[in-house]
Amino acid sequence: MSGSASLNSLAVGGDSDKLAFTPTLLTATAEDFLADRRVLREECFGPASLVITYPGQADPYEVLASLEPGLTATVHGEPDETELVRGLLPSLTRLVGRLLWNNRPASP
């Protein structure tokens, strides 16, 4: 993923001289994620996460529709976003085996 100009580093941690892999938190816009399919969708092993940001409520549905199935999904949101997340649950539960809402198991 590091080869993409669409990515920004939010955080890079640890002492890379002592760690085999440096923990990394990256971000991309929904528009860039959808456009840069080859690089941003490669499976990545190690301590890395990608945060997709989006400006409107329709954007997460388009991103979800483009994803491959995976093991887990985590949604971080505010209490006033509960209804938006509830609308995403059917798409998310088709994609993953475990769904977390603010680091707690979620149920549809």
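*Asks:* Describe in detail the sheet that holds strand β3 (residues 48–53), supporting the description with residues and values.
*Replies:* Remark on secondary structure: sheet strands pair via backbone hydrogen bonds, oriented parallel or antiparallel. Read from one edge of the open sheet, 3 strands run β1-β2-β3, paired in mixed fashion. With one partner strand each, in any of the chains shown, β1 (8–12) and β3 form the two edges of the open sheet. Between one strand and the next, the sheet's axes are offset by a mean angle of 25°, whatever the strand orientation. Pairing analysis gives 4 bridges linking β1 to strand β2 (residues 24–29), with the strands arranged antiparallel. Each bridged residue has a counterpart across the sheet, and for N8 the counterpart in β2 is T27.

*Asks:* Describe the nonpolar core, and please don't skip the residues or the numbers.
*Replies:* Core analysis: the largest hydrophobic core is formed by 10 residues, namely L64, A73, V75, V85, L88, L89, L92, L95, V96 and L99. Looking at this core, the elements with two or more residues in it are β4 (70–75), α4 (82–95) and β5 (96–101). Of the residues forming this core, the biggest block, 5 residues, is contributed by α4. Setting aside residues up to four positions removed in sequence, L64 forms contacts with L88, S91, L92 and L95.

*Asks:* Just give me the short version of the layout of surface pockets, but keep the residues and values in it.
*Replies:* Its volume calculated, the largest pocket comes out at about 1700 Å³. Those elements giving two or more residues to the lining of the largest pocket turn out to be α1 (30–35), β3, α3 (59–66), β4 and α4. When grouped by side-chain class, the residues that make up the lining of the largest pocket number 25 nonpolar, 7 polar and 5 charged.

*Asks:* Outline α4, supporting the account with residue identities and numerical values.
*Replies:* An ideal rise of 1.5 Å per residue puts 20 Å on 14 residues; α4 measures up with 19 Å between its terminal C-alpha atoms. At L89, α4 shows its maximal bend, which comes to roughly 45°, and the proline P90 appears one to four places after that position. Among all positions in α4, only L84, V85, L88, L89, S91, L92 and L95 are buried. Considering only its buried residues, α4 is in contact with α3, β4 and β5.

*Asks:* Give a detailed account of the pairing of β4, specifying residues and quantitative values.
*Replies:* When β4 meets β5, the two strands line up parallel, connected through 5 bridges. Each residue of the ladder has a partner; that of G70, found in β5, is V96. Crossover connection from β4 via α4 to parallel β5: handedness right-handed.

*Asks:* Go over the environment of D32, please, and point to the residues and values.
*Replies:* Relative to the elements of secondary structure, D32 occurs in helix α1. The sequence separation of D32 and T53 amounts to 21 residues, and the corresponding C-alpha distance is 9.7 Å.

Criteria and thresholds
Residues numbered from 1 in each chain as written. Predicted model: local features only at pLDDT ≥ 70, side-chain atom pairs only at ≥ 80, totals over all residues. Heavy atoms only, no water. Pairing = 2+ DSSP bridges. Helix = DSSP H or I, 4+ residues; strand = E, 2+ residues; numbered from the N terminus. Axes fitted to C-alpha atoms, helices over the stretch in contact; angles between N-to-C directions. Core = buried A, V, L, I, M, F, W, Y, C linked by side-chain atoms within 4.5 Å. Buried < 20%, exposed > 50% of the residue type's maximum accessible area, 1.4 Å probe, protein only. Contact = heavy atoms within 4.5 Å. 1 Å grid on protein atoms, 1.4 Å probe; cavity = no way out; pocket = protein on both sides within 12 Å on 5 of 7 lines; lining within 4 Å. Points joined across faces, edges and corners; volume = space filled by probe spheres on them. Nonpolar A, V, L, I, M, F, W, Y, C, P; charged D, E, K, R; others polar. Expected span 1.5 Å × (residues − 1). Bend = angle between axes of the 7 residues up to and from the residue. Right-handed = clockwise from strand over helix to strand, strands pointing away.

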